[in-house]
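Okay, here's what each chain looks like letter by letter:
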Number of protein chains: 8
Amino acid sequence: MKEWNIYLSGEIHSNWREQIKTQVNSQNLPILFTSPATNHELSDDCGIKILGSENEKFWHDHKGAKINAIRTRTAIEKADIVIVRFGEKYKQWNAAFDAGFAAALSKPLIIIHSADHQHALKEIDAAALAVTKNVDEVVKILKYTIEGKL
Amino acid sequence: MKEWNIYLSGEIHSNWREQIKTQVNSQNLPILFTSPATNHELSDDCGIKILGSENEKFWHDHKGAKINAIRTRTAIEKADIVIVRFGEKYKQWNAAFDAGFAAALSKPLIIIHSADHQHALKEIDAAALAVTKNVDEVVKILKYTIEGKL
Amino acid sequence: MKEWNIYLSGEIHSNWREQIKTQVNSQNLPILFTSPATNHELSDDCGIKILGSENEKFWHDHKGAKINAIRTRTAIEKADIVIVRFGEKYKQWNAAFDAGFAAALSKPLIIIHSADHQHALKEIDAAALAVTKNVDEVVKILKYTIEGKL
Amino acid sequence: MKEWNIYLSGEIHSNWREQIKTQVNSQNLPILFTSPATNHELSDDCGIKILGSENEKFWHDHKGAKINAIRTRTAIEKADIVIVRFGEKYKQWNAAFDAGFAAALSKPLIIIHSADHQHALKEIDAAALAVTKNVDEVVKILKYTIEGKL
Amino acid sequence: MKEWNIYLSGEIHSNWREQIKTQVNSQNLPILFTSPATNHELSDDCGIKILGSENEKFWHDHKGAKINAIRTRTAIEKADIVIVRFGEKYKQWNAAFDAGFAAALSKPLIIIHSADHQHALKEIDAAALAVTKNVDEVVKILKYTIEGKL
Amino acid sequence: MKEWNIYLSGEIHSNWREQIKTQVNSQNLPILFTSPATNHELSDDCGIKILGSENEKFWHDHKGAKINAIRTRTAIEKADIVIVRFGEKYKQWNAAFDAGFAAALSKPLIIIHSADHQHALKEIDAAALAVTKNVDEVVKILKYTIEGKL
Amino acid sequence: MKEWNIYLSGEIHSNWREQIKTQVNSQNLPILFTSPATNHELSDDCGIKILGSENEKFWHDHKGAKINAIRTRTAIEKADIVIVRFGEKYKQWNAAFDAGFAAALSKPLIIIHSADHQHALKEIDAAALAVTKNVDEVVKILKYTIEGKL
Amino acid sequence: MKEWNIYLSGEIHSNWREQIKTQVNSQNLPILFTSPATNHELSDDCGIKILGSENEKFWHDHKGAKINAIRTRTAIEKADIVIVRFGEKYKQWNAAFDAGFAAALSKPLIIIHSADHQHALKEIDAAALAVTKNVDEVVKILKYTIEGKL
């Protein structure tokens, strides 16, 4: 493969995506990363900002979530590998939804989470090809997957 | 359709499945329900009980989660409709995973949750064909879907 | 085949479905028919009647259209043959949508329309395996398809 | 993604496609647009012009519609996003057919229509990830989808 | 499997289908056979008999061929095994088309032909799981496939 | 689900299939089992016995292997669960092939093998939802999967 | 689309492929053509020339036909459009097989044949989006499909 | 096709991949080869080296096998042709698994093995489009497949 498409799903409140990209670039791995929109506020409000305001919070969120889905579903379907990070905050049900979506499409899944979430994530871990604790492990897997060496 | 296959995913700590079944039966709707194993303790421990104990909690859970997946994935793939209930307790990432899995297979999704979870579930609600607040609404949707009347 | 599943899409303001069923029954053809909900008012209002009222007509309609989709998409996906009738009234874009949906799934399509609509329906007719003028022609096709005789 | 493939379906009697392209180009969005043949007369007559005349209008149209389908179906299948505009004139059943075709292939759908058509398009709107009123909203969605900002 | 669906494609001018059915019935093999309409004249003329006459032979045949396709494509898609017999007469391109259609759907193919056609059918034989000379061999294969014995 | 279809692949030189069936029957689990032809000699020679002898061993085996594939591929594709047992004798590459075939179709896989084969089967075990040591463990998994209890 | 992949199936005893390519090149249409191996003798004998001789003509042909299938099936699966020409000589069952294979994969089909073959090719014509008499018509369709003009 | 993607599965203890690449390069065939990680020790231990050690050999292997699957499954799914070599040593069940996986995805399969393994590999050979004895035959097939000549 000349270039790998990898989707980075999940937590948007830490800089883990940039950490991965920095390490991957320094190793010259041929990867094209995609991700959800990572501006939290804009991600919440894109629907009403583009299509007009709503009185109901449900529809406010609904319009935004659907617009975000244009980007995220396309990215998952194009991805060779889907990496999902579960952070410490929020419910993160959309991360779990992405993992399920990717699993049904038989995409190789790599999960990142701390030990605290181990039991609660057992079904998602069971669908993954690798369960990692941090960005360093992920980059090693990508290097090994692409180059066959460490 | 002579009979509808409907998978009831999510919360296993209240009797919502029985409530649906009771109402559906009293209305003679031709539905075959499937569900995950709803014995929480056995669901957690089925792996080690059948295949032998593990020292690591991760593998303890891993073996169980995979055995549970035999039942749940088969049920989702056979389902005409997938209903997912998010309750008040626990992380419920497996429920969100099931919703994503079903969405990728283009299964009609019905979600049940209280108003408290509205914002956190916006992406999953956006993938659903109906977002309900309780069992009564679900049964009305099933009745209308199957019989075309209320 | 022991029984054929046939979805009757489109116009809900004449009794063409009953005409087909009457003729098919009198000939003992083994067909299980499905159809959208044909109560027009209920079809429009099912969303708010089940899930609660909306101030905006768009969301009023949106909730109803999605609930109707649970029935119609399932029926199209299960169908061996999809029959779509275009009547004289209304825009009937949902009928054309159903035809496109069925075509993408490679379902055999039979279209019913009067000569008036010929030019406007040319793309849909081009995707069909039969373009008919009335119910009698449809029943003959069903009889021939199932029994190999007229 | 390096480049997005977007199919512009529907109305061919206004310059909405050029408006989108102009705005998209001025923002340097990496999009490859496809569309149906937009020469209305040639689109109607391509069949007989290439393959010979027909006495019957039905076959005249049939030959043309099938040749047009070579382009349109290929474009929909290759598309990452399908945008369908419903204008003020004509039946536009082919636009609705395209929307149904795209929906069955799980393509993200963006619909453009005026308020007048809201009720008649409710089933198609319900299958879309965004319902817009004009070209400006569409371009904002494309910018946000591709760049994650507005 | 409780019952096997087997489609009998190809030659309609000898009684090979009846021979297979007779042998299969005498052995109580649980098979549901499907076939194209085997009345040659009606098969040619079904289009104009049902939908009205045509001046052009091309369209006369076109209407009939499409109506026949409702039956044949459905039967191939439902079949567990597709058996195609090439006889001594006619071009039989529809038989070869059916074989290609079935091969693309990964249906197990059994071909029946005499030694005369060996070279001309080499590509089709290469896509088959069995190439037979007569009905007796076919029935033995069916018996072995279903019962695991001869 | 009213009845589960389960394919029993692999070793044909011990009575493990009968052991499973006996236990399953005594527990009244609703399972329809399928399997390859388990008469080893006939399985090797079915090609030449039905279709005529061959001078080359390669073609002798080729004809037989293809006829066997009619049964085995159909059974895998129809199966809800695929169980593969690796025994002590022979290369058993066909068992590993079946496991790969089932994995590509996203079928839940249960593997049975002794500790001796653990390292050599690690890739196949990694694709399975359960790795078991004996028939008793398999039956417990089936009971738990179908009934949700042990 | 930046470039169209078009497979040219069928007759290998006239220079119709070169005629199409010459015309297409002179019009600068962005098409990448693929075709079967068109050296008839080598196409027949590639199996034994590469893998060793066979005593039986059936296996001689079988080995060659399978090697040819590596090229032809890959080309059909990659193609945006499949064009099949039926000439005057030979049985050409492989051309009809290719047409069926392409049809099952929903590839747009263009058929070329003379009036003599009209009735015998009616089923294949019925599955095509264009039935042409010669190379000139094909090139016009390609120009119109790609550029939207004639 | 501008470039062929070919996956080289199986034996990692001889230099057959390099032999193929050398010959292919000297003939300027446009092929992009992929392969599993061919460092045997690292392939066995990648799981624990990246994700941490395990007390149980089963989990040691399990983690490694899953990480290897990220590379191998992606490569098979992207491949136009899958070539599997069975060598003289080891069980090589992963090679057979890859062959089954590729077969279920309808990938053209080329097998390489010595005469010793003929009977044991008969099911896999029966699913292949070419069964070869050595690298030279493989390269000839690739040349013929890509260039249509020898």
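Refer to the structure presented above.
These numbers were taken from a predicted model, which means no experiment stands behind them.

What should I look at first to understand the layout of surface pockets in this one?
Any empty space left between atoms is shown by rolling a water-sized probe over those atoms. Within this model, the second largest pocket holds a volume of roughly 1,000 Å³. Taken together, 44 residues form the lining of the second largest pocket, with A:Glu54, A:Trp59, C:Glu54, C:Phe58 and C:Trp59 sitting closest to its centre. Mapped onto the lining of the second largest pocket, the elements with two or more residues apiece are helix H3 (57-78) of chain A, strand S5 (130-132) of chain B, helix H3 (57-78) of chain C together with strand S5 (130-132) of chain D. Broken down by element, the residue count for the lining of the second largest pocket peaks at six residues, all from H3(A). Across the lining of the second largest pocket, the residue classes break down as 17 nonpolar, 15 polar and twelve charged.

What should I look at first to understand the relation of the copies chain B and chain A in this one?
Put simply, the second copy of the chain is the first one after a rotation about an axis and a shift along it. Once chain B has been moved 0.0 Å along the axis and rotated by 180 degrees, it coincides with chain A to within an RMSD of 0.0 Å. Such values leave the two copies arranged in the relation of a two-fold axis. Mapped onto chain A, 100% of the interface residues of chain B are again interface residues, and the two copies thus contact each other with one and the same surface.

Is there a simple way to explain the interface of chain D and chain A in this structure?
A common way to state how big an interface is: give the accessible area lost once the parts meet. Tallying the contact residues gives 24 residues for chain D and 19 residues for chain A. Summing both sides of the interface, chain D and chain A together bury roughly 1,900 Å²; the carbon and sulfur share of this comes to 67%. Linking chain D with chain A are two salt bridges, by the criterion used here. For A:Glu3, the salt bridge goes to D:Lys2, with nearest N and O atoms at 2.7 Å. Across the contact surface, chain D and chain A share six residue pairs in polar contact (both at pLDDT 80 or more). Where the side of chain D that touches chain A is concerned, the elements lending two or more residues are S5 and helix H6 (135-147) of chain D.

Help me out: how do you make sense of the pattern of salt bridges in this one?
One side chain can pair with another of opposite charge once the charged atoms of both are near each other. Evaluated as defined, the whole model comprises 72 salt bridges over all chains. When the shortest N-O distance is used, the salt bridge between G:Lys133 and G:Glu137 registers 2.9 Å. The class of G:Glu137 is buried, set by a relative accessible area of 7%. Residues H:Glu11 and H:Arg85 are paired through a salt bridge, measuring 2.7 Å at the closest nitrogen-oxygen approach. Separated by 74 residues along the polypeptide, H:Glu11 in the loop between strand S1 (4-10) and helix H1 (16-26) and H:Arg85 in strand S3 (residues 81-85) bring together distant segments of the chain. Of the two residues, H:Glu11 and H:Arg85, both sit in the buried class.

So, how was this worked out
One numbering rule holds for all chains: residues counted from 1, following each sequence as written. Think of it this way: whatever chain is written first is A, whatever ligand is written first is 1, and the rest follow in order. This being a predicted model, a pLDDT of at least 70 is required before a residue's local features are given, and a value of 80 or more before pairs of side-chain atoms are given or counted; all residues contribute to the totals for chains, interfaces and linings. The basis for every side-chain value is the complete set of non-hydrogen atoms in the structure, without hydrogens or water. The pocket and cavity definitions rest on a 1 Å grid over protein atoms only: a 1.4 Å probe that fits but cannot leave marks a cavity, an open set with protein on both sides within 12 Å along at least five of seven lines marks a pocket, and residues lining either have an atom within 4 Å of a point. Grid points are joined across faces, edges and corners, and a volume is the space filled by probe spheres set on the points. The helix count covers DSSP runs of H or I at least four residues long, the strand count covers runs of E at least two residues long, and both are numbered beginning at the N terminus. Side-chain classes follow a simple rule in which Ala, Val, Leu, Ile, Met, Phe, Trp, Tyr, Cys and Pro form the nonpolar group, Asp, Glu, Lys and Arg form the charged group, and the remainder, Gly included, forms the polar group. Each copy is superposed on the other by least squares, with the fit set by C-alpha atoms of residues at a pLDDT of at least 70 in both. What makes two residues a contact is simply this: any of their non-hydrogen atoms within 4.5 Å. Take the accessible area each of two parts loses on contact, using a 1.4 Å probe, and add the two losses: that sum is the buried area. Definition used for salt bridges: Asp or Glu carboxyl oxygen within 4 Å of a side-chain nitrogen of Lys or Arg. For the purposes of these results, a polar contact is taken to be a pair of N or O atoms within 3.5 Å, where, inside protein, one atom must be able to donate a hydrogen and its partner to accept one; residues adjacent in sequence count only when each atom of the pair is a side-chain atom. The buried label goes to any residue with under 20% of its type's maximum accessible area, the exposed label to any with over 50%, and the partly exposed label to all in between, with areas taken from a 1.4 Å probe on protein chains only.

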